[in-house]
Amino acid sequence: MTIVACSTPPGTSGVAVVRISGKDAIKNISSFIKDSAFNEKTPLSKVCFLVDKDGEVFDEAIVTSYVSPNSYTGENLVEISCHGNPKIVSKIIDLSIDAGSRLAEAGEFTKTAFLNGKLDLSEAEAVASIIHSLSLTGVKAGVKNLRGGLSKEIYSIKSSLISVVASLEFDLDISEEDLQPNLLKNSEKTILQTIKKLDDCILSFEETKMFQSGASVVILGPPNAGKSTLFNHLVNKNQSIVTDVEGTTRDVIEKNIYINGLPILLKDTAGIRASNDGVEKIGVERSFVEAKNADLVIILNDRDLSFGDIKHIHVFNKSDVKRPDKKYDISISAKTGNNVKELKEVIYNSLINYKGQTDTLLISKRQYNAIKGALKHVKNAHSLLLTEDSIELLVEDINRSISFLDSITEKTTKDDVLDAVFSSFCVGK
Ligand SMILES: Nc1nc2c(ncn2[C@@H]2O[C@H](COP(=O)(O)OP(=O)(O)O)[C@@H](O)[C@H]2O)c(=O)[nH]1
Ligand SMILES: [Mg+2]
C-alpha cells in the first residue's frame, strides 16, 4: 500500500514537505506532475510543476524520488517540497489519494522503515526522541542511538552473557558434578561486570529523561519568604505577583526556563501556613501536591521543613537584610540577585548528579523497563552462582535476561510493542 502525509507542521510556512512511500509511490506522482521524468530505476531531484485534474498548474515544487531499498522507509519514496500553503498541501494529498495512496498513520513512515529492517526498535525510538526532546543534550542522546549507540552496547552485554551460558552449558553436558575449576569464577566476573553496566544504564536514564522532557522544580516556603520574587528573578520576568501581604500567591504559577541547557518547569506556590481562608487553604494543599511530584523542591527560609525521599535544598533568602540562624545549603537575596547565579548551579547539580559512567543512553521507558528486567535476572543468576545451587536455574536466569535485552533492539516484535512505540510519533514521520 502506498501512503501519503505532510511531514512538516500544519499551517502556513515557507516550505512544506509531503511524503509518499510505497511500491507505487513514483507511479503515483505522475498523475499530478507535469511532464514527469521520474522512474522506478533512478533517483532524481527536480523542480516540477504540479497540476490538478484540469492540467492547471497549482504550484512549483522540488520533487525528490528515492528508489527502493535506498530510502528512509526502504520502499520507493517521494518527497515533494512545495510552498507552505495548507491549500497546496491538501491538494497534493488529495491528488495522491485519488491516484491510489492512503493517508499515513502517525509514525507510519518510521514503522515501515523498521519493518523493512532499515532501523531496529531502539533506533526508531531515537527518531521520536530527536523530534520531541526539549534540549539539545536530549537530541544528541537520540542521535547517538539513531546511529546504533544503544544497540551496540546491548549487543556487547548480550554477547558476554551468551558466552557465559555457552560455557556453562558445555560443562553441564560433560559432567554435572565436575565443573571446570575456573569456570564459575570467570562466569561470576562477567556477571558482575554486566550488573555494573546495567546499573549504570538505569542511573543515566533518569537524567536523560530530564534532558528530553524537562525537570519540575517547585519553590516552597512560608508566606513572604520571597518565593515569587525568586521565581520572577529566575524566569527574568515579573510573572508572579510580589507583595508584602501574606497569602498573595494562591495558584501554582509555572514557567519554562533553562539552566545549563537543562529544561526546567519552575513552579511558584502559595506560602505554607495554616489559614482560615478557603481559597488560600486549597492553594497550600496544592503546594504540597506539587512538591511531592517534583524532581526538586527549593525550600525557602524554612530549615525545619523536609521532604524525605524527594530531592530538596534549603535556601536562605533576604541575605541583604538578615543572617541565617541555621545552616542552609545556600544563602541568597532574590531581591538584589546576590548569589542567584550560584543557586542555579546548586539546582543543576542537585538534578544532574550522575556523572556518566557509561555512554549508553536509554531514551524510553520501554528500554528502561527492559534493562530493569534484565538486571533482575542477572542478579538472580549471581545469587545462584554464589550458592552454587543449580547451574540449570542459573542458565535459565541468564537466558531470561538475554530475552529482555533482545526486546530493546528486536528486529521483529509483537504488535502491541510496535503500536506503543510508534503511536508517539507525529503523522508524516
Ligand atoms: N530585602 C529583601 N526583601 C525581599 C527579598 N525577597 C523578597 N523580598 C520582599 O519580601 C516580600 C514578599 O515577597 P514575595 O516574593 O511576595 O514572597 P512570597 O510570599 O514568598 O511569594 C516582598 O515585599 C518582597 O519585595 C530579598 O531577597 N530581600
Ligand atoms: Mg508569592
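Only a predicted model underlies this, so the values are computations on that prediction, with no experimental measurement involved.

Some points on the overall build of the protein
Here is step 1 of the chain: Each helix and strand counted, the protein has 13 helices and 12 strands in total.
Here is step 2 of the chain: Taken across its 429 residues, the protein has 48% of its residues classed as buried.
Here is step 3 of the chain: Across the protein, contacts joining residues at least 24 apart in sequence account for 62% of those joining residues at least 6 apart.
Here is step 4 of the chain: Summed over its atoms, the accessible surface of the protein is roughly 21300 Å², and 52% of this surface lies on carbon and sulfur atoms.

So, the sheet that holds strand 11 (residues 312-316)
Here is step 1 of the chain: The sheet built from six strands is open, its strands ordered 8-9-7-10-11-12 with mixed pairing. Edge positions in the open sheet fall to strand 8 (253-259) and strand 12 (330-331), since each of these has one partner strand only.
Here is step 2 of the chain: Of the pairings in the sheet, the one linking strand 11 to strand 12 comprises two bridges and is parallel in character. Its bridge partner being in strand 12, F316 is matched across the sheet by S331.
Here is step 3 of the chain: This element, helix 8 (residues 227-235), spans strand 7 (215-220), strand 8, strand 9 (262-268) and strand 10 (296-300) of the sheet and lies at about 155° to strand 9.

Things to note about the packing of aromatic side chains
Here is step 1 of the chain: All chains considered together, the criterion is met by two aromatic pairs.
Here is step 2 of the chain: When the centroid spacing of 4.6 Å and the interplanar angle of 20° are considered together, the rings of F205 and Y368 count as stacked. Here the residue F205 occupies a position in helix 7 (residues 183-213), and Y368 occupies one in helix 11 (residues 365-387), the gap between them amounting to 163 residues.

Points about unusual backbone geometry
Here is step 1 of the chain: Here the amide bond leading from S68 into P69 is cis, since omega sits at 5°, within 30 degrees of zero.
Here is step 2 of the chain: Residue N301 is not a glycine yet carries a positive backbone phi of 50°.
Here is step 3 of the chain: Checked against the element boundaries, N301 lands in the loop between strand 10 and strand 11.
Here is step 4 of the chain: Located in the positive-phi region is K318, a residue other than glycine, with phi close to 75°.
Here is step 5 of the chain: Its location among the elements puts K318 in the loop between strand 11 and strand 12.
Here is step 6 of the chain: Relative accessible area serves as the criterion here: at 29%, K318 is assigned to the partly exposed category.

Focus: the packing of helix 4 (residues 121-132) against helix 5 (residues 136-146)
Here is step 1 of the chain: At a minimum axis distance of 8 Å, the contact between helix 4 and helix 5 shows a crossing angle of 155°. The angle between the axes of helix 4 and helix 5 places the two elements in the roughly antiparallel class. Read as a crossing pair, helix 4 and helix 5 show a hand that is left-handed. Residues S122, E123, A126, V127, S129 and I130 of helix 4 lie in contact with helix 5, whose contacting residues are G138, V139, G142, V143, N145 and L146.
Here is step 2 of the chain: Tallied by class, residues from the contact of helix 4 with helix 5 come to six nonpolar, five polar and one charged.

What to know about the pattern of salt bridges
Here is step 1 of the chain: With the rule as written, the count across this model stands at 11 salt bridges.
Here is step 2 of the chain: One salt bridge connects R102 with E108, and the closest N-O pair in it is separated by 2.6 Å.
Here is step 3 of the chain: Connected through shared salt-bridge partners, E254, K267 and E290 make up one network.

Concerning the site of ligand 1
Here is step 1 of the chain: Looking at ligand 1, there are 18 residues lining it, with N224, K227, S228, T229 and D320 nearest.
Here is step 2 of the chain: One of the side-chain nitrogen or oxygen atoms of S333 is found 3.1 Å away from an oxygen atom of ligand 1.
Here is step 3 of the chain: Contact with the protein chains hides 88% of the accessible area of ligand 1, taken as 580 Å² for the molecule alone.
Here is step 4 of the chain: When its residues are assigned to classes, the shell around ligand 1 shows six nonpolar, seven polar and five charged.

Overview of the sheet that holds strand 1 (residues 3-6)
Here is step 1 of the chain: Spatial strand order, 3-4-5-2-1-6: six strands in an open sheet with mixed pairing. Where the open sheet ends on each side, the last strands, each with one partner, are strand 3 (44-51) and strand 6 (102-103).
Here is step 2 of the chain: Across two bridges, the pairing between strand 1 and strand 6 is parallel. Across the sheet, residue V4 finds its bridge partner in strand 6, namely L103.
Here is step 3 of the chain: Most of the contacts of helix 3 (residues 108-115) go to strand 1, to which it runs at about 135°, and overall it touches strand 1, strand 2 (13-21), strand 5 (77-84) and strand 6.

Considering the confidence of the model for the protein
Here is step 1 of the chain: In this model, the protein carries an average pLDDT of 87, and 90% of its residues clear a pLDDT of 70 or more.
Here is step 2 of the chain: At the low end of the mean pLDDT range in the protein sits helix 13 (residues 415-422), at 66; at the high end sits strand 4 (residues 57-66), at 98.

Examining the packing of helix 11 against helix 12 (residues 391-409)
Here is step 1 of the chain: Remark: helix 11 packs on helix 12, axes separated minimally by 8 Å, with the N-to-C direction vectors making an angle of 165°. Considering the angle they form, helix 11 stands roughly antiparallel to helix 12. Read as a crossing pair, helix 11 and helix 12 show a hand that is left-handed. Contacts from R366, Q367, A370, I371, G373, A374, H377, V378, N380, A381, L384 and L385 of helix 11 reach helix 12 at L393, L394, D397, I398, R400, S401, F404, L405, S407 and I408.
Here is step 2 of the chain: For the contact of helix 11 with helix 12, the class distribution of residues is 13 nonpolar, six polar and three charged.

Re the environment of K27
Here is step 1 of the chain: In this structure, K27 sits in helix 1 (residues 25-29).
Here is step 2 of the chain: Residue K27 is classed as exposed on the basis of its relative accessible area, which comes to 51%.
Here is step 3 of the chain: Residues K27 and G100 lie 73 residues apart in sequence; the distance between their C-alpha atoms is 9.7 Å.

A short note on the side chain of S122
Here is step 1 of the chain: With respect to the helices and strands, S122 occurs in helix 4.
Here is step 2 of the chain: The class for S122 is buried, based on a relative accessible area of 0%.

Basis of the calculations
- Residues numbered from 1 in each chain as written.
- Chains lettered and ligands numbered in written order.
- Predicted model: local features only at pLDDT ≥ 70, side-chain atom pairs only at ≥ 80, totals over all residues.
- Heavy atoms only, no water.
- Helix = DSSP H or I, 4+ residues; strand = E, 2+ residues; numbered from the N terminus.
- Buried < 20%, exposed > 50% of the residue type's maximum accessible area, 1.4 Å probe, protein only.
- Contact = heavy atoms within 4.5 Å.
- Areas by Shrake-Rupley, 256 points an atom, 1.4 Å probe, with all protein chains shown as cover.
- Pairing = 2+ DSSP bridges.
- Axes fitted to C-alpha atoms, helices over the stretch in contact; angles between N-to-C directions.
- Phe/Tyr/Trp six-rings, centres within 6.5 Å; stacked < 30°, edge-to-face > 60°.
- Parallel < 35°, antiparallel > 145°, perpendicular 65-115°, else oblique.
- Left-handed = near helix turned anticlockwise from the far one by under 90°.
- Nonpolar A, V, L, I, M, F, W, Y, C, P; charged D, E, K, R; others polar.
- Salt bridge = Lys/Arg side-chain N within 4 Å of Asp/Glu carboxyl O.
- Near = heavy atom within 4 Å.
- Polar contact = N/O pair within 3.5 Å; in protein donor to acceptor, adjacent residues only side chain to side chain.
- pLDDT = per-residue confidence, 0-100.

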